[in-house]
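Reading the structure
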Amino acid sequence: MICAQQLENYQTQGVVVLRGVFKDWISTLNRGADYNIAHPSSRAITHQSADKTGRFFEDFGNWQQIEEYRQFVEQSPMAAIAAQLMQSKRVQFFHDHYLDKAAVSSVATPWHQDMPYYFVEGMQNISFWIPLDARQKQFSLKCVAGSHLWPKLIMPTKWSNSAEFYADSSEFMALPDIDNGDDQILSWAVEPGDVVAFNFKTVHGANANNINSVNRTISFRLVGDDARYVQRPGKTSPDYPNINQHNGEHLREDWFPFIYG
Ligand SMILES: O=C(O)CCC(=O)C(=O)O
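Structure report, in brief. (Residues numbered from 1 in each chain as written. Predicted model: local features only at pLDDT ≥ 70, side-chain atom pairs only at ≥ 80, totals over all residues. Heavy atoms only, no water.)

1. Considerations on the packing of aromatic side chains
Going by this rule: Centres within 6.5 Å make a pair out of two Phe, Tyr or Trp rings, where for Trp the six-membered ring is used; the pair is then stacked when the planes are under 30 degrees apart, edge-to-face when over 60, and tilted otherwise. Secondary structure follows DSSP: runs of H or I at least 4 residues long count as helices, runs of E at least 2 residues long count as strands, and numbering of each begins at the N terminus. Partly exposed describes any residue whose relative accessible area lies between the buried limit of under 20% and the exposed limit of over 50%, with all areas from a 1.4 Å probe on protein chains only and scaled to the type maximum. Here, over-ring charges are defined by two tests on the NZ atom of lysine or the CZ atom of arginine: distance to the ring centre within 6 Å, and angle to the ring normal within 35 degrees.
The full count for this structure, using the stated rule, is 22 aromatic pairs. Taken together, a centroid distance of 5.1 Å and an interplanar angle of 85 degrees make the contact between F94 and Y118 edge-to-face. Within this pair, whereas F94 is found in strand 4 (residues 91-101), its partner Y118 is found in the loop between strand 5 (109-112) and strand 6 (120-121), the two being separated by 24 residues in sequence. Each member of the pair, F94 as well as Y118, carries the same accessibility label: buried. Seen from their ring centres, F119 and Y229 are 5.5 Å apart, and the 35 degrees between their planes marks the pair as tilted. One end of the pair, F119, is in the loop between strand 5 and strand 6; the other, Y229, is in strand 13 (residues 228-229), and 110 residues separate them in sequence. In this arrangement the basic side chain of R90 is found over the ring face of F258, its NZ or CZ atom lying 3.6 Å from the centre. For the cation-ring pair, R252 lies above W255, with the distance from its terminal atom to the ring centre recorded as 4.0 Å.

Next up, the structure:
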């Protein structure tokens, strides 16, 4: 399913684009997204500020409530592709993340890594960023090649005001100046059916959606054999209150089921 070059890209650059792999699933995912927008969960967040036009809406953890998301998670080739790219025998489902940026929104997604926001550590993990609308390169996901191998995690911040996400951020390093540095930035124009797959440690972001159509994306997050629970210095995003886990444990299977292997 995955060729040697795609695997090497994922392993060395922390990101790979796969063309057309989910094209048979786009109408199902669109129906799921429509339902998600109409029935946001209590975890939904809308980023909007007085000085910015448009809005940026996110929701998390709905796959067991939204039948179309559940079908995709359980029946699409995603889990098998994840096993190959992560080089993992088994695949555990972590969470789904729906994002949409309104047409002509001036809200960008800042550079960040996902892992510091999560209670997960390890190298075998993957996000499938699946655009539901075609995206020109300029409005697509941007990833910093090789950043999944950086020695320390980047300090997470609140997207609304750039404040530190945790009260104590001493274990994290500051975000380098990506836009003025030498790092290679990878990004691709994408069509519905394509996926950008990236590691939880890969630094990524997206420009504001300045064009006259909405940008909708569904991301699915999965983990592999070496994933372990880690206590972060505060409430994570998404937050799972009462998870009742300790450092070094596998994620609990009743909440994060195995979907492959
Ligand atoms: O689509 C975007 O603007 C950002 C996506 C993102 O940060 C993610 O899927 O982790």
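After presenting the structure, the write-up continues.
2. Notes on the sheet that holds strand 9 (residues 185-186)
Threshold: At least two bridges found by DSSP between two strands is the condition for calling them paired.
A sheet is described by the order of its strands in space; here four strands give the open sequence 5-11-8-9, paired in antiparallel fashion. Each of the sheet's edge strands pairs with one partner strand only, and the pair in question is strand 5 and strand 9. Judged from the two bridges that link them, strand 5 and strand 11 (residues 204-206) form a sheet pairing that is antiparallel. Across the sheet, residue T109 finds its bridge partner in strand 11, namely A206.

3. Side note on the side chain of N215
Put simply, the rule is: Any N or O atom pair separated by 3.5 Å or less is treated as a polar contact, with the protein-specific requirement of one donor-capable and one acceptor-capable atom, and with residues adjacent in sequence counted only for side-chain atom pairs. Should any heavy atoms of two residues lie within 4.5 Å, those residues are considered in contact.
Mapped onto the elements of the fold, N215 is located in strand 12 (residues 215-223). Classification of N215 as buried rests on a relative accessible area of 5%. Here R135 takes part through its side chain, which lies 3.0 Å from a polar atom of the side chain of N215. With residues near it in sequence (within four places) discarded, N215 still touches L99, D100, K101, D133, R135, F139 and N209.

4. Looking at the pairing of strand 7 (residues 125-131)
Counted residue by residue, strand 7 has seven buried out of seven residues, so it is predominantly covered. Of the two faces of strand 7, both are covered, the one formed by N125, S127, W129 and P131 as well as the one formed by I126, F128 and I130. Two elements, strand 7 and strand 12, share seven bridges in a ladder whose sense is antiparallel. Among the inter-strand pairings, N125 is bridged to a residue of strand 12, identified as V223.

5. Considering the site of the ligand
Selection criterion: For this description, a residue counts as near a given molecule or strand if any of its non-hydrogen atoms is within 4 Å of it. Areas reported as accessible are Shrake-Rupley estimates using a 1.4 Å probe. Residue values count occlusion only from the protein chains shown.
Taken together, L99, K101, T109, H112, D114, W129, L141, F198, H204, A206, S219 and R221 form the complete shell of residues around the ligand. Taking K101, its side chain carries an N or O atom lying 3.2 Å from an oxygen atom of the ligand. Alone, the ligand offers 290 Å² of accessible surface; in the complex the protein occludes 97% of this. Residue assignment for the shell around the ligand shows that the elements contributing at least two residues are strand 4, strand 5, strand 11 and strand 12.

6. A closer look at the environment of A33
Within the secondary structure layout, A33 lies in helix 2 (residues 26-38). The exposure class assigned to A33 is buried, which follows from its relative accessible area of 1%.

7. Notes on helix 3 (residues 67-75)
Heads up, the rule is: In this description, the arc belongs to the directions extending from the helix axis to the C-beta atoms.
All of the buried residues in helix 3 are E68, Y69, F72 and V73. Viewed along the axis of helix 3, the buried residues span an arc of 135 degrees, placing them on a single side of the element. Summarising the contacts, the buried residues of helix 3 are in contact with helix 2, helix 4 (78-86), strand 4, strand 7, strand 12 and strand 14 (258-260).

8. Side note on the nonpolar core
Applicable threshold: To qualify as a nonpolar core, a set must consist of buried Ala, Val, Leu, Ile, Met, Phe, Trp, Tyr and Cys residues joined through side-chain atoms within 4.5 Å.
Counting 33 residues, the largest nonpolar core has F128, I130 and F220 as the members making the most contacts within it. The set of elements that each furnish at least two residues to this core consists of strand 1 (15-18), helix 2, helix 3, helix 4, strand 4, strand 7, strand 10 (195-198) and strand 12.

9. Description of unusual backbone geometry
The peptide bond linking S237 to P238 adopts the cis configuration, its omega dihedral lying at -5 degrees. In this structure, P238 sits in the loop between strand 13 and strand 14. Positive phi, close to 55 degrees, is recorded for Q87, a residue that is not glycine. Along the chain, Q87 turns up in the loop between helix 4 and strand 4. Residues other than glycine seldom take positive phi values, yet N244 does so here, at roughly 55 degrees. The residue N244 is located in the loop between strand 13 and strand 14 in this model. Overall, the relative accessible area of 64% leaves N244 in the exposed class.

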